[in-house]
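Analysis of the macromolecular model
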Amino acid sequence: MMPDPSVSPTCRALAAIVDGPVNPQAEADAGRLFGGTDRTGWVGATLRFEGIVRRDEAHPDFGGEPRSLVALDYQTYDPMAQQQLDILARNVAERHGLRSVAVLHSRGRVGVGEVSFVLIVAAAHRAEAIAGLTEFIDRMKQDVPIWKQPIWA
Amino acid sequence: MMPDPSVSPTCRALAAIVDGPVNPQAEADAGRLFGGTDRTGWVGATLRFEGIVRRDEAHPDFGGEPRSLVALDYQTYDPMAQQQLDILARNVAERHGLRSVAVLHSRGRVGVGEVSFVLIVAAAHRAEAIAGLTEFIDRMKQDVPIWKQPIWA
Amino acid sequence: MLIFGAAAINAKAGRVTVTVGARATVRDVLTALREQHPGLRFALPNPDTGRLAVNQTFARGDHDVKAGDEVALITLLGGG
Amino acid sequence: MLIFGAAAINAKAGRVTVTVGARATVRDVLTALREQHPGLRFALPNPDTGRLAVNQTFARGDHDVKAGDEVALITLLGGG
């Protein structure tokens, strides 16, 4: 892609909730923010986070000891979850001067080893990208109505 | 991929210096640590950082004001640069208990909008992944003999 | 009131009934929830940390809750 | 001694000669570098922050440099 004119483009934000695991098809369906590196020269740092369902979780009935599971079942409060993700993506992008924020989160069952969450941020510099990514995840766990229920092995 | 037996595998570290931009072919050649998500259930968080050449850099002859450039030319001190990347990848992986660290860095000319650096870390949890990634980049800029020379527009 | 996650599993329901006076704020609803559903107190460590969404938007403690509003308990989240 | 990056551009060379006594440590070489190549002082803010690699390994200030060693100035890095 050829570099754009010399005015820095505005920020883009995209959020989507998908049924089941986040996979390449889900990313493709969600749009071009997942389409790879921004090659315009305005972006110097891209950070992609994947959250993957691990094989064990702390089990409340066993004193918080880790127990094997087969899947997590994600419940979302619709459409509030989507709205909160949208707000959060725009807000974090503005606060950190990011070029783009894109997020996909699963709804429903996601098996061990499958991806439940993808977050991609692009920024001029590394520090902004890391700060924006960290703040997004912290605030998502506070403000986005998504719950997870372990399905134990 | 089916989950492994229940013993956590040891850490993997991979570092490579490639001629020119880091692209999917370079990643494929560098090996399977770049081959996508670890689906064994041992990894809960994967973080991928891409460093991309931006369209401007602070120019020392213009009081540090940003000036347009067409490329960066990366010079590496071989084989020390490769050795230092290897040591750093293993060291950061051990210190943060990461499951894997993989890094590719360019040597030679990388144009605006092209990728000069890819770092992928995989860990059980997000905090370790972010801490490991951040420490790797900070220490790379201290300890790995790679220099960049702007090619001004 | 809509409930989710561990709260819903504990209550064995996705919805509980909370009775409040004709004029009630979000804070009044949280207080009534603690009194009328002691089994959900684990999800509300103290009355000020419990958060309610009214009509799918987070509402402050002094927000008035009206008949017909959709009220949801948004706590113990687990995204990511 | 091998030099790189901005230091090499400034010196218009990838290599400079530094003369030291028969028994010299890394610290002696850095001191001699500052004296014999004033144009490279910008790359060595003070003698203790300049780092040398001897035979492709970072060497401490008290490391002895021998004839035939490959000595390189590793400073003002720009990876990433």
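Below: a short report on this structure. Given the structure is predicted, the values throughout are model-derived calculations rather than measurements.

Helix and strand content of chain A: 3 helices and 7 strands. Here chain A holds 153 residues, and the buried ones make up 54% of them. A fraction of 78% describes how many contacts in chain A between residues 6 or more apart in sequence connect residues 24 or more apart. Summed over its atoms, the accessible surface of chain A is roughly 6,700 Å², and 51% of this surface lies on carbon and sulfur atoms.

Residues and elements named next belong to chain C. The 3 strands are arranged E3-E2-E5 in an open sheet whose pairing can be described as antiparallel. Pairing within the sheet leaves two strands with one partner each, and these edge strands are strand E3 (57-59) and strand E5 (71-73). If you compare each strand with its neighbour and ignore which way they point, the axes differ by 40 degrees on average. Pairing of strand E2 (residues 52-54) with E5 involves 3 bridges; the strand directions are antiparallel. Paired with leucine 52 across the strands is leucine 73, a residue of E5.

Residue placement: Glu50(B) occurs in strand E2 (residues 45-52). Among the polar contacts listed, one links the side chain of Glu50(B) to the side chain of Arg48(B), at a separation of 3.0 Å.

Of the residues lining the interface, 36 residues belong to chain B; the matching set on chain A comes to 36 residues. Summed over both partners, the interface of chain B with chain A buries about 2,800 Å², with 53% contributed by carbon and sulfur atoms. If you sort the residues of chain B by the area they bury against chain A, Arg54(B), Arg55(B) and Arg126(B) come out on top, with a joint share of 25%. Counting every contact that joins chain B to chain A gives 2 salt bridges. Residues Arg126(B) and Asp138(A) are paired through a salt bridge, measuring 3.2 Å at the closest nitrogen-oxygen approach. Across the contact surface, chain B and chain A share 15 residue pairs in polar contact (both at pLDDT 80 or more). At 8 residues, E2(B) tops the list of elements feeding residues into the side of chain B that touches chain A. Pairing analysis gives 7 bridges linking strand E2 (residues 45-52) of chain A to E2(B), with the strands arranged antiparallel.

Next up on the list: the relation of the copies chain B and chain A. Here chain B sits on chain A after a turn of 180 degrees about the axis and a move of 0.0 Å along it, with an RMSD of 0.0 Å. Accordingly, the operation relating the two chain copies is best matched by a two-fold axis. For chain B, the residue whose C-alpha comes nearest the rotation axis is Arg48(B), separated from it by 2.5 Å.

Below, the discussion takes up unusual backbone geometry. In this structure, the amide linkage connecting Asp78(A) to the following residue, Pro79(A), adopts the cis form with an omega of -5 degrees. Along the chain, Pro79(A) falls in the loop between strand E4 (66-76) and helix H2 (80-96). At Lys12(C), a residue that is not glycine, the phi angle is positive and equals roughly 55 degrees. Within the secondary structure, Lys12(C) sits in the loop between helix H1 (5-11) and strand E1 (24-25). Look at Lys12(C) and you get exposed, because its relative accessible area is 77%. A positive phi is found at Gln56(D), a non-glycine position, where the angle reads about 70 degrees. Its location among the elements puts Gln56(D) in the loop between strand E2 (52-54) and strand E3 (57-59).

Moving on: the environment of Ala131(A). Note that Ala131(A) resides in helix H3 (residues 126-143). Distance from Ala131(A) to Val101(A), taken between C-alpha atoms, is 12 Å for residues 30 residues apart in sequence.

Let's shift gears to the packing of H3(A) against helix H3 (residues 126-143) of chain B. Orientation of H3(A) relative to H3(B), taken along the N-to-C sense of each, is 170 degrees, at an axis distance of 12 Å. If you check the angle between H3(A) and H3(B), you find them roughly antiparallel. Packed against H3(A), whose contacting residues are Arg126(A), Ile130(A), Leu133(A), Thr134(A), Ile137(A), Asp138(A) and Lys141(A), the element H3(B) presents Arg126(B), Ile130(B), Leu133(B), Thr134(B), Ile137(B), Asp138(B) and Lys141(B) at the interface. A breakdown of the residues in the contact of H3(A) with H3(B) according to their chemical character gives 6 nonpolar, 2 polar and 6 charged.

Moving on, we get to the environment of Tyr77(A). With respect to the helices and strands, Tyr77(A) occurs in the loop between E4 and H2. On the basis of relative accessibility, which here comes to 3%, the residue Tyr77(A) falls in the buried class. Taking the C-alpha atoms as reference, Tyr77(A) lies 28 Å from Ala129(A); in sequence the two are 52 residues apart. Not counting residues up to four positions away in its chain, the partners in contact with Tyr77(A) are Pro145(A), Trp147(A), Leu2(C), Phe4(C), Ala53(C), Gln56(C), Glu70(C), Ala72(C) and Ile74(C).

Another aspect to go through is the sheet that holds E2(D). Residue and element names in this part refer to chain D. Here we have 3 strands laid out as an open sheet, ordered E3-E2-E5, and antiparallel in their pairing. The open sheet has two edge strands, E3 and strand E5 (71-73), and neither has a second partner. Mean inter-strand twist for the sheet, computed between neighbouring axes without regard to direction, equals 40 degrees. The strands that helix H2 (residues 26-36) touches are E2, E3 and E5; relative to E2, the one it contacts most, it runs at about 130 degrees.

How each quantity is defined
- Residues numbered from 1 in each chain as written.
- Chains lettered and ligands numbered in written order.
- Predicted model: local features only at pLDDT ≥ 70, side-chain atom pairs only at ≥ 80, totals over all residues.
- Heavy atoms only, no water.
- Helix = DSSP H or I, 4+ residues; strand = E, 2+ residues; numbered from the N terminus.
- Buried < 20%, exposed > 50% of the residue type's maximum accessible area, 1.4 Å probe, protein only.
- Contact = heavy atoms within 4.5 Å.
- Areas by Shrake-Rupley, 256 points an atom, 1.4 Å probe, with all protein chains shown as cover.
- Pairing = 2+ DSSP bridges.
- Axes fitted to C-alpha atoms, helices over the stretch in contact; angles between N-to-C directions.
- Polar contact = N/O pair within 3.5 Å; in protein donor to acceptor, adjacent residues only side chain to side chain.
- Buried area = accessible area lost by both parts, 1.4 Å probe.
- Salt bridge = Lys/Arg side-chain N within 4 Å of Asp/Glu carboxyl O.
- Least-squares fit on C-alpha atoms with pLDDT ≥ 70 in both.
- Parallel < 35°, antiparallel > 145°, perpendicular 65-115°, else oblique.
- Nonpolar A, V, L, I, M, F, W, Y, C, P; charged D, E, K, R; others polar.

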